[in-house]
Amino acid sequence: MTRMSRELKLAVAGIIVVGLLVLAAHYSSSRPSNNSNASNAATAANEPAGGPNAAGDNGVAGNADTNSPGLLAKLTHSEPTFTLPEGTPIDVRLGNTIGSARNRSGDTFEATLDEPIEEHGVVVVPRGANVTGRVISARPSGHLETPPELAITLTSVEVGGRRYDITTSTHGWRGKSHKAHDAKWIGGLAGAGALIGALAGHGKGAAIGAGVGAGGGTAGAYATGRRDITLSSENRLRFVLRQPVNITKTG
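All values reported here derive from a predicted model rather than from experimental measurement.

Scoring rules and cut-offs
- Residues numbered from 1 in each chain as written.
- Predicted model: local features only at pLDDT ≥ 70, side-chain atom pairs only at ≥ 80, totals over all residues.
- Heavy atoms only, no water.
- Helix = DSSP H or I, 4+ residues; strand = E, 2+ residues; numbered from the N terminus.
- Buried < 20%, exposed > 50% of the residue type's maximum accessible area, 1.4 Å probe, protein only.
- Contact = heavy atoms within 4.5 Å.
- Areas by Shrake-Rupley, 256 points an atom, 1.4 Å probe, with all protein chains shown as cover.
- Polar contact = N/O pair within 3.5 Å; in protein donor to acceptor, adjacent residues only side chain to side chain.
- Patch = residues over 30% accessible without salt bridge, like charges linked within 9 Å, V, L, I, M, F, W, Y side chains within 5 Å.
- Salt bridge = Lys/Arg side-chain N within 4 Å of Asp/Glu carboxyl O.
- Core = buried A, V, L, I, M, F, W, Y, C linked by side-chain atoms within 4.5 Å.
- Pairing = 2+ DSSP bridges.
- pLDDT = per-residue confidence, 0-100.

A short note on the overall build of the chain
Alright, step 1. Broken down by element type, the chain carries 5 helices and 13 strands.
Alright, step 2. The burial tally for the chain puts 27% of its 251 residues in the buried class.
Alright, step 3. Expressed as a percentage of contacts within the chain between residues at least 6 apart in sequence, the contacts between residues at least 24 apart total 63%.
Alright, step 4. For the chain, the exposed area adds up to about 16,200 Å²; of that, 56% sits on carbon and sulfur atoms.

Put into structure tokens, the structure is as follows:
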């Protein structure tokens with residue numbers, strides 16, 4: 001009986017010891033180490049308020065790559081837009097020859113800006129910018145009564161690789177009508193022919209001479225009446241904006 005009581009006591013003592021060891025192990029694993037606390041404190045000190053993903057002073061996430069040139073360019077660089085008002089002068093120099101006889105309505109032509117266009121002291125369109133124009137009407141000089149006509153306008157300007165449509169004033173030329181001059185010229189030659197015919201044919205020859213003289217006058221008008229309008233390359237012209245245009249300045 002005494003022996004059994006001793007074994008029972010030893011068994012109970014063993015159970016108690018095991019229980020204490022289990023409790024000690026659990027407490028040790030649940031308590032953070034001093035090194036871990038120090039590491040966490042250092043990390044927290046280096047992070048911005050609000051956590052590792054909190055935005056910085058510039059509103060950029062703390063973990064964003066602020067050294068990225070594309071991101072910095074978007075944040076710090078903007079392309080200003082200028083409005084050129086109606087009435088802005090546009091001085092151009094033609095890049096090719098234009099003429100009432102060589103062109104047709106709807107033809108395009110090239111030119112370059114001869115003077116920079118400024119707005120509020122800023123050069124918006126630099127000198128030498130490419131400009132495109134259109135022939136509105138072109139009519140060659142006709143025989144006897146049709147004068148030549150030529151009208152052109154500008155349609156676009158290129159700035160920083162971008163093309164902007166523009167509406168400008170029109171330059172127009174119209175040759176003088178030579179109908180009255182031709183009538184006098186023909187009539188004068190008809191009279192001279194009649195005089196020569198009268199001297200040569202005594203009356204009957206006057207009618208023949210008048211016809212011959214009139215024919216000669218008509219031929220002369222055909223030969224001398226064709227004076228077409230021609231604008232040579234490098235010709236300088238000034239146009240004026242008829243509608244405002246917004247242009248974005250790059251670079």
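Concerning the side chain of S156
Alright, step 1. Its location among the elements puts S156 in strand β8 (residues 149-159).
Alright, step 2. Relative accessible area serves as the criterion here: at 4%, S156 is assigned to the buried category.
Alright, step 3. Separated by 2.9 Å, the side chains of S156 and R163 make a polar contact.
Alright, step 4. What S156 contacts, discounting residues up to four positions off in sequence, is N130, V131, T132, R163, Y164, D165 and I166.

So, the environment of P85
Alright, step 1. Tracing the sequence through the fold places P85 in the loop between β1 (81-84) and β2 (89-94).
Alright, step 2. Residue classification places P85 among the partly exposed positions, given a relative accessible area of 36%.
Alright, step 3. In this view, P85 contacts E119, L241 and P244; residues no more than four positions away in its chain are not counted.

Structural notes on a nonpolar patch on the surface
Alright, step 1. Where nonpolar side chains cluster on the molecular surface, the patch consists of L8, V12, I16, L20 and L23 and spans about 510 Å² of accessible area.
Alright, step 2. One can find I16 in helix α1 (residues 2-30).

Overview of the pattern of salt bridges
Alright, step 1. For the structure on display, the rule yields 10 salt bridges.
Alright, step 2. Ionic pairing is found between E79 and R162, a salt bridge with its closest N-O pair at 3.1 Å. With E79 in the loop between α3 (69-76) and β1 and R162 in strand β9 (residues 162-165), the pair connects residues that are 83 residues apart, well separated along the chain.
Alright, step 3. Residue classification places R162 among the partly exposed residues on the basis of a relative accessible area of 36%.

Here we look at the nonpolar core
Alright, step 1. Ranked by internal contacts, the top residues of the largest apolar core, which has 30 residues, are V92, V125, I152, V157 and I247.
Alright, step 2. Secondary-structure elements contributing two or more residues to this core are β1, β2, β4 (108-113), β6 (122-125), β7 (130-139), β8, β12 (236-240) and β13 (245-248).
Alright, step 3. Here the element with the most residues in this core is β8; it accounts for 5 residues.
Alright, step 4. When residues no more than four places from it in sequence are discounted, the contact partners of V157 are V125, A129, N130, V131, R162, R163, Y164, I166 and I247.

Focus on the environment of N235
Alright, step 1. Of note, N235 is situated in the loop between β11 (230-231) and β12.
Alright, step 2. A sequence separation of 138 residues divides N235 from T97, and the C-alpha atoms of the two residues are 8.5 Å apart.
Alright, step 3. Once residues within four sequence positions are removed from consideration, N235 is found in contact with V92, R93 and L94.

As for the pairing of β1
Along any regular strand the residues' side chains alternate between the sheet's two faces.
Alright, step 1. Only one face of β1 is covered, namely the one carrying F82 and L84; the face carrying T81 and T83 has none of its residues buried.
Alright, step 2. Sheet topology places β1 next to β13; 4 bridges connect them, and they run antiparallel. Looking across to β13, one finds that F82 is bridged to I247.

Examining the environment of E234
Alright, step 1. By the element assignment, E234 lies in the loop between β11 and β12.
Alright, step 2. The class for E234 is partly exposed, based on a relative accessible area of 49%.
Alright, step 3. Leaving out residues up to four positions away in the same chain, E234 has contacts with R93 and L94.

A look at the confidence of the model for the chain
The predicted structure's coordinates, where accompanied by low pLDDT, should not be read in detail.
Alright, step 1. Mean pLDDT over the chain works out to 73, with 56% of the residues at or above the 70 mark.
Alright, step 2. Note that pLDDT drops below 50 for residues 54-64; the model gives that stretch 14 contacts with residues more than four away or on any other chain.
Alright, step 3. The low-confidence segment residues 181-225, where pLDDT is below 50, has 34 contacts with residues more than four positions distant or belonging to other chains.

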